[in-house]
Amino acid sequence: MKYFVVFLFLTLSQFCFAQKDSLVTNIKGTVINNETKLPLSNVHVINASRVKGTVTSPSGTFEIEAKVNDTILFTYLGYENVKVKVTNDWAKDITTKIYLSEKTYVLEEVVVSKYNLTGYVEVDTKIIPVASDAYRYNISGLNLGYEAGDKSPSAVSKVLGSIFNPADLLYNVFGKRPNEMKKLKAMKKDDTIRNLLATKFDRVTLATLLEIDKDDIPMILENCNYSEYFIKTANDLQIMDAISACYEDYKILKKNK
């Protein structure tokens, strides 16, 4: 009986510790410039595990909802992104200092445009050619349609073939990442995350939030029939919305199979 009581006590203790570790709490911290040691304001602090975001105060402080083992992403224009795991100590109301370092940029070769602009909008709009590789076809019953590149018959056939061919319906893409894709809805509702993604063009932050490889994003969009021009020039918010729309179309078509 005595051994049973000891065993029961140890089991309950472990259960209580486990419950405590899984509790959601508000963690606090301060973001600091690694070179100047001064606080950084307006740094985006994103809980990538729970898809919630906030920004640092003028004094560099922040508070965000999290639990042990959540991944917190710190991102600021001109600085390297930092990812930090929430530890037990941090979750126990301990303020943590996060240091961000400025990015080092290497200037690329400057290419001079062949178009001699006049400064008059009416004239310049006729001089500069408009890209025609972003034409989208809207299909009844689906969301935003598909980019085919142009209006040629072959482009139309490409879109229709992709839509009605299950192999091209991203089954292998979305089907293997259902949990990551579910985060899209939460991300679209969080204004802090949307505002952050609107300023990003490198796909790093978006890939971190979706927990997918950065190189998978162009592949996903290609399978959704987005043009190369859109894939290269859109900001991360536009890319997120495009992936979300394509995923919703995928679910509709899979349901109707």
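Everything numeric in this text was worked out from a predicted model, so none of it was measured. (Residues numbered from 1 in each chain as written. Predicted model: local features only at pLDDT ≥ 70, side-chain atom pairs only at ≥ 80, totals over all residues. Heavy atoms only, no water.)

Asker: Help me out: how do you make sense of the sheet that holds strand E3 (residues 52–55) in this one?
Answerer: Here 4 strands make up an open sheet; going across it, the order is E3-E2-E5-E6 and the pairing antiparallel. With partners counted over all chains shown, the strands left at the sheet margins are E3 and strand E6 (82–85), one partner each. Recorded for the sheet is a direction-independent mean angle of 20° between the axes of neighbouring strands. Pairing of strand E5 (residues 71–75) with E6, which is carried by 4 bridges, proceeds in the antiparallel orientation. Of the residues in E6, the one forming a bridge with Ile-72 is Val-84. (Pairing = 2+ DSSP bridges. Helix = DSSP H or I, 4+ residues; strand = E, 2+ residues; numbered from the N terminus. Axes fitted to C-alpha atoms, helices over the stretch in contact; angles between N-to-C directions.)

Asker: Sorry if this is basic, but what is going on with the confidence of the model for the protein here?
Answerer: Low pLDDT means the predicted coordinates in that region are not meant to be read closely. For the protein, mean pLDDT is 74; residues scoring 70 or higher make up 58% of the total. Counting interchain partners and residues more than four positions distant, the pLDDT-below-50 stretch residues 139–144 has 18 contacts. Residue range residues 163–169 is modelled with pLDDT below 50. Its contacts to residues more than four positions away, or to other chains, number 13 contacts. (pLDDT = per-residue confidence, 0-100. Contact = heavy atoms within 4.5 Å.)

Asker: Where do I start with the nonpolar core in this structure?
Answerer: Soluble globular proteins: nonpolar side chains tend toward being buried together. Core analysis: the largest hydrophobic core is formed by 28 residues, its most contacted members being Met-187, Leu-197, Leu-206, Ile-217, Leu-221 and Ile-239. Only helix H6 (178–189), helix H7 (191–197), helix H8 (204–210), helix H9 (216–223), helix H10 (228–233) and helix H11 (236–255) provide two or more residues apiece to this core. Broken down by element, this core gets its largest block of residues, 6 residues, from H11. The residues contacting Met-187, other than those within four sequence positions of it, are Val-51, Ile-193, Arg-194, Leu-197, Leu-206, Leu-209, Leu-210 and Met-240. Grouped together as the second largest cluster of nonpolar side chains are 18 residues, Leu-40, Phe-62, Ile-64 and Tyr-79 included. (Core = buried A, V, L, I, M, F, W, Y, C linked by side-chain atoms within 4.5 Å. Buried < 20%, exposed > 50% of the residue type's maximum accessible area, 1.4 Å probe, protein only.)

Asker: Any chance you could explain the pattern of salt bridges here in plain terms?
Answerer: Side-chain pairs of opposite charge can arise where the charged atoms are in close proximity. All told, the structure shown has 4 salt bridges when counted by the stated rule. The partner of Arg-203 in a salt bridge is Asp-236, and the shortest N-O contact between them spans 2.7 Å. Of the two residues, Arg-203 is situated in the loop between H7 and H8 and Asp-236 in helix H11; the sequence distance between them amounts to 33 residues. Taken as a pair, Arg-203 and Asp-236 share a single burial class, namely buried. Its salt-bridge partner being Lys-232, residue Glu-228 comes within 2.7 Å of it at the nearest N-O pair. Residue Glu-228 and its partner Lys-232 are located together in helix H10, separated by 4 residues, close to a single helical turn. A relative accessible area of 61% places Lys-232 in the exposed class. (Salt bridge = Lys/Arg side-chain N within 4 Å of Asp/Glu carboxyl O.)

Asker: Please clarify how the sheet that holds strand E1 (residues 25–33) should be interpreted in this entry.
Answerer: The strands making up a sheet associate through backbone hydrogen bonding, with each pair oriented either parallel or antiparallel. Spatially, the 3 strands line up as an open sheet ordered E4-E1-E7, and their pairing is mixed. Sheet topology places strand E4 (61–66) and strand E7 (96–100) at the edges, where each strand pairs with a single neighbour. Strand-to-strand twist in this sheet, taken as the mean axis angle between neighbours without regard to direction, amounts to 40°. Note that E1 and E7 share 5 bridges and pair parallel. Bridge pairing in E7 links Gly-29 to Thr-96.

Asker: Mind showing me how you'd approach unusual backbone geometry here?
Answerer: Apart from glycine, the bulk of residues carry a negative phi angle, and the bulk of peptide bonds sit in the trans form. Located in the positive-phi region is Val-51, a residue other than glycine, with phi close to 55°. Its location among the elements puts Val-51 in the loop between strand E2 (44–47) and E3. Taking the relative accessible area as the measure of exposure, Val-51 reaches 8% and is therefore buried. Although it is not a glycine, Asn-69 adopts a positive phi angle of roughly 80°. Residue position: Asn-69 is located in the loop between E4 and E5. On the accessibility criterion, Asn-69 (52% relative accessible area) is exposed.

Asker: Is there a simple way to think about the packing of aromatic side chains in this case?
Answerer: Geometry of an aromatic ring pair is reported as the spacing of the ring centres plus the angle between the planes. On inspection of all chains with the given rule, the structure shows 4 aromatic pairs. Note on Phe-62 and Phe-74: the rings are 5.4 Å apart at their centroids and 70° apart in plane angle, and the pair reads as edge-to-face. Placement of the pair is Phe-62 in strand E4 and Phe-74 in strand E5, with a sequence separation of 12 residues. On the accessibility criterion, Phe-62 (5% relative accessible area) is buried. On the numbers, 5.2 Å between centres and 50° between planes, the contact of Tyr-76 with Tyr-79 is tilted. On the basis of relative accessibility, which here comes to 25%, the residue Tyr-76 falls in the partly exposed class. In textbook terms, an aromatic cluster arises when at least three aromatic residues are bridged by ring pairs, as seen for Phe-62, Phe-74 and Trp-90. (Phe/Tyr/Trp six-rings, centres within 6.5 Å; stacked < 30°, edge-to-face > 60°.)

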